[in-house]
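In case you want the letters, here they are:
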Amino acid sequence: MQSVQTALRDAKTFGIFKFPKPCEKCNGANLTVQDFPDLPPVTPLSAADASFFVTTLSDPASYVLGGLQKAMPFIADYGLLLEGAGERRLLLISTYAQSVKLITSDKDGGVLIGNIDPIFPKVKERLGNIFR
Amino acid sequence: MFGKLAAVLLVCVLCGSGPAYSQTLHVISVADSNDGPIGAGTAANSKALQNYATLVATLTKLSLSFTSVSGDKFNCTEILKSVADLQAKPNDVIIFYYSGHGFAPESDPSRPGMAATSQFPWFYCNPPDSRPNLEAISRELKAKGARLVITVADTCNVILPVAETPLAAKGVIEERIRAMFLNYKGSILITSSKRGQYSWYYPSGGIFTAKFFQLLRDPPDIDHSKLWDAILENAREKIMVSSPGQQPIIQQPEIPIPELVFSR
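Residues numbered from 1 in each chain as written. Chains lettered and ligands numbered in written order. Predicted model: local features only at pLDDT ≥ 70, side-chain atom pairs only at ≥ 80, totals over all residues.

Some thoughts on the overall build of chain B
Formally: Counting from the N terminus, the helices are DSSP H or I runs at least four residues long and the strands are E runs at least two residues long. With C-beta atoms placed from the backbone, a residue counts as buried when 20 or more other C-beta atoms lie within 10 Å of its own, as exposed when 12 or fewer do, and as partly exposed for counts between those limits.
Along its length, chain B carries seven helices and twelve strands. Here chain B, with 264 residues, has 41% of them falling under the buried criterion.

The following block contains the structure:
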């Protein structure tokens, strides 16, 4: 959770992409940004959309907390490309699992899975508007 | 000659009317214990199952055969092999328990392009083209001819963080557990959430599994012929998954009316 907040806070530019087909590889453990050499086309986020993702995904109330996890594989269909402070990070989004996963250059640097069920309808609507 | 024949007949009679300890409780415990988010929870499920199976074997004098598919062995091939390799006798009891990721595909993985017909989940294991379906596993186990088959999955299709209930020392509860595993014939199929719902885990185990084993360890005070009905009716109730500061999430197990026959 803290690492997601840090990644969003440190980012200077925000891009978004959609996987052409569900990303099964994204369920893997110990992934790094080096595991994603060929990202789908990345669209720069508008200031309003960037603000939406930073605000909602930095808020602890957006996540299911208390150590709860789903028995559901993390198959991503979208991702945010966060660049800044000399580092590139990916915040993968799975609309199937209603969760996010942070990928950094350090295989131990990412969080496992953040379940965004409380805000998922808003996130899905925003993604729908961006990729309309 | 007559003496030899009598001896053979005596052995056959003893085999045929064998006491409970000549029967086997086969348990297959599948746990994706190496998984990052839920590995610890699935391992806890498997431990709870092993403890319960040991208790049942002790109370019923059933011989316990426990097969674990977990850690580096967790894959579709090993799961299917553990089911295929199981050999049961007519009075045996089989418990299959899956703890891991699951999903409900739009089309049947084994029949591309055909809509998935099962309301029960598929297991998320590799290789992808041999991912098993819970209902198909249940059918295969029923075909083994055992007296009682219980097939359960705690997977997505939500864990009450409760401590394992110690078995009351009262002989009456032990008697109910004996009845559950010695006096019933048929099959039970259970998955921890309805199609379209998530199943939730704490590091201490699956929320459904914690509730289910609490029910199995403390069967209700009811006529023995209604024990499984009562347990499953309770297990079928909605589970409210609480997250700090948020509305509870609902997980409702899918448990069809079982095909069971009770005999005293």
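Some remarks on the packing of helix 6 (residues 207-217) of chain B against helix 7 (residues 227-235) of chain B
Residues and elements named next belong to chain B. Here is the rule: Axis angles are defined between N-to-C directions and span 0 to 180 degrees, where every axis is a line fitted to C-alpha atoms and, for a helix, only to the segment in contact. We call two directions roughly parallel when the angle between them is under 35 degrees, roughly antiparallel when it is over 145, roughly perpendicular when it lies between 65 and 115, and oblique otherwise. Left-handed describes a crossing in which the near helix is turned anticlockwise from the far one by less than a right angle; the clockwise case is right-handed. We call two residues in contact when the distance between their C-beta atoms, placed using the backbone, is within 7 Å.
One way to put it is that helix 6 packs onto helix 7 with a least axis distance of 10 Å and a crossing angle of 155 degrees. As judged from the angle between their axes, helix 6 and helix 7 are roughly antiparallel. The two elements helix 6 and helix 7 cross, and the hand of that crossing is right-handed. Between helix 6, through Lys211, Phe212, Leu215 and Leu216, and helix 7, the contact on the second element is made entirely by Ile231, Asn234 and Ala235.

Things to note about the nonpolar core
Note the following rule: Buried Ala, Val, Leu, Ile, Met, Phe, Trp, Tyr and Cys residues form a nonpolar core when they are connected through C-beta atoms within 7 Å.
Judged by nonpolar contacts, the single largest core of 97 residues is most densely connected at Leu91(A) and Val56(B). For this core, the element with the highest residue contribution is helix 2 (residues 39-60) of chain B, accounting for nine residues. The contact partners of Leu91(A), leaving out residues within four places of it in the chain, are Val4(A), Ala7(A), Gly79(A), Leu80(A), Leu82(A), Val100(A) and Leu102(A).

Some points on the environment of Pro253(B)
All names here are of chain B. Examined against the element boundaries, Pro253 turns out to sit in the loop between strand 11 (249-251) and strand 12 (259-262). Remark: the alpha-carbon pair of Pro253 and Thr209, spanning 44 residues in sequence, is separated by 11 Å. Here Pro253 is in contact with Ile190, Thr191, Ser192, Ser193, Phe208, Ala235 and Arg236, once residues within four sequence places are set aside.

Examining the interface of chain A and chain B
Put simply, the rule is: Under the scheme applied, nonpolar residues are Ala, Val, Leu, Ile, Met, Phe, Trp, Tyr, Cys and Pro; charged residues are Asp, Glu, Lys and Arg; polar residues are all the others, including Gly. By the convention used here, strands pair only if DSSP detects at least 2 bridges between them.
Residue-level contacts link 16 residues of chain A with 24 residues of chain B. In the side of chain A that touches chain B, the residues fall into eleven nonpolar, three polar and two charged. With two bridges connecting them, strand 3 (residues 69-70) of chain A and strand 8 (residues 200-202) of chain B associate as antiparallel partners. Counterpart to Lys70(A) in the pairing with strand 8 of chain B is Trp200(B).

As for the confidence of the model for chain B
Residue and element names in this part refer to chain B. Let me state the cut-off plainly: pLDDT: the predictor's confidence for each residue, scored from 0 to 100.
Taken over all residues, the pLDDT of chain B has a mean of 87, while the share at 70 or more is 87%. Overall, residues 8-21 carries pLDDT values under 50, and its contacts beyond four positions in sequence, including any with other chains, amount to six contacts. Scored below 50 in pLDDT, residues 158-166 shows 32 contacts in the model against residues more than four places distant or in partner chains. Reported confidences for the modelled complex are a pTM of 0.88 and an ipTM of 0.89.

Description of the pairing of strand 6 (residues 99-103) of chain A
Residues and elements named next belong to chain A. Of all five residues that make up strand 6, five are buried, and the element is covered over most of its length. Residues Ser99, Lys101 and Ile103 point to one face of strand 6 and Val100 and Leu102 to the other, with burial holding for every one of them. The sheet contact formed by strand 5 (residues 87-94) and strand 6 spans five bridges and is antiparallel. Counted as the bridge partner of Ser94 is Ser99 from strand 6. Remark: four residues form the turn of the hairpin made by strand 5 and strand 6, two consecutive strands paired antiparallel; Gln98 in that turn has positive phi of roughly 50 degrees. Inspection of the sheet shows strand 6 paired to strand 7 (residues 114-115) by two bridges, in the antiparallel sense. Residue pairing in the sheet places Ser99 in a bridge with Asn115 of strand 7.

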